Amino acid sequence: MKKQMSNWMLFLCFAAVTGASIAAAVWLYLKIANVGITIIWDMIPQYIESQHYTIIMCLIGGLVVGIFHKFYGPYPESMADSVKRVRETHTYPYRNLPITVAAAFLSLFFGGAVGPESGLVCLLLGLCFWAMDQFGMAREKMEAMIGNNPYIPRGEVFREMLRGLACTPGKIVYDKNKIQWKRSESVSAGVVAGIVGLIVYLLLNRLLGAGLSVPHLEDGEMHALDRAGAVLLIAVGIGAGYLFLIFKKLAALFFAKLQSKGLHILNAVLGGLVLGVIGTFFPMTMFSGGNEIQAIQYEYLQYTPYLLIFIGVVKLFLTNVCIESGWRGGHFFPVIFSGLSIGYGFSVILGTSQVFSVVVVTGALLGTMLQQPLGALVLSLIF
């Protein structure tokens, strides 16, 4: 019994290392995305002075994105497609993760009005199934080595298990029929990997700095005027949600014609042109919106409420243009930015509290877009 417990503790140590590896990969993804944006949009402009820099860089981005998709295909998958794949196949291929991550970086680096969540979800799903295969292969190795020599040093077994983490996907093989998992074993391994991964991710953020992150709004109080304006704010959010769906259909209709003719590069370049022109006049409509949320939280009084509403609506339009033209990425972060921008605008017009206004408008906007009110509420409360 003691030997079995000792062997399982050895495996849990391996699970902890695997969880730490996943956390490091996720942190690195977000960090590289942030560094790439900083280099292109903060550092290079210090040496190149041009009033057309945004347009030029977005056109270059469109060209690069178009060429990439022409040769490698439409990466990354949308979140809905990724989840659907897992439900149907009960797995997720992690062989193409480098291509998926590279495609996600291109849209983010060049200022696309898309979020990092599509690439991040693909990365997380791929790494989770990679971890499951690593667990199976490591346990097979552990049981085989200990079965052949019960007195083998556990350090040697552990080192052999760790070597598997460096294996390429094609070499991660084991006999699934030989591995019998008890529920307590699978749960404990997953919990250990998850807890260690979270700790490592937080430590990396603290020691080396965070990448793209989710800012949190300051606390606010609810007043009588907020209750009176709640129905109007919900209606505003629903209206913004339908605007998003309209923009999505229009953008899909326009760019689908080019895609059907195989003009992927022209598609992406046109998307980059629209992005660059609008971004030149309204820079806050570019990028995922995560960093801009923090800025608008403290600077919204510098804008007229009508300009804030206009920026939010333009962001809804631009996000759909980017995604449909081939600048693939997520739409949650940009849509949440739009909800906050519109919510701040109406909070000034109606005199309602800022946090209440932006949460209600954003929740209604997401609920209309997703057709899932409860999920929209949870996403809104993240902020």
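Above this text you will find the structure in question.
A brief look at the structure comes next.

Rules used throughout
- Residues numbered from 1 in each chain as written.
- Predicted model: local features only at pLDDT ≥ 70, side-chain atom pairs only at ≥ 80, totals over all residues.
- Heavy atoms only, no water.
- Salt bridge = Lys/Arg side-chain N within 4 Å of Asp/Glu carboxyl O.
- Phe/Tyr/Trp six-rings, centres within 6.5 Å; stacked < 30°, edge-to-face > 60°.
- Helix = DSSP H or I, 4+ residues; strand = E, 2+ residues; numbered from the N terminus.
- Buried < 20%, exposed > 50% of the residue type's maximum accessible area, 1.4 Å probe, protein only.
- Lys NZ or Arg CZ within 6 Å of the ring centre and 35° of its normal.

With respect to the pattern of salt bridges
Inference 1: Counting across every chain of the model gives four salt bridges.
Inference 2: It is possible to trace a salt-bridge network through shared partners that takes in Lys141, Glu160 and Arg163.

Re the packing of aromatic side chains
Inference 1: Across all of its chains, the model carries eleven aromatic pairs by this definition.
Inference 2: Ring geometry for Phe11 and Phe135: centres 5.6 Å apart, planes at 65°, overall edge-to-face. Here Phe11 is found in helix H1 (residues 2-43), whereas its partner Phe135 is found in helix H5 (residues 117-148), with 124 residues between them in sequence. Taken individually, Phe11 and Phe135 each receive the classification buried, so the pair is uniform in this respect.
Inference 3: Judged by centre distance (5.6 Å) and plane angle (90°), the ring pair of Trp41 and Phe287 falls under edge-to-face. Highlighted residues: Trp41 in helix H1 and Phe287 in the loop between helix H9 (264-281) and helix H10 (290-299), separated in sequence by 246 residues.
Inference 4: Overall, the relative accessible area of 13% leaves Trp41 in the buried class.
Inference 5: When its relative accessible area of 14% is taken as the criterion, Phe287 is described as buried.
Inference 6: Over the aromatic face of Tyr92 sits the side chain of Arg85, whose NZ or CZ is 5.7 Å from the ring centroid.
Inference 7: Against the face of Phe337 rests Lys315, its NZ or CZ located 5.1 Å from the ring centre.

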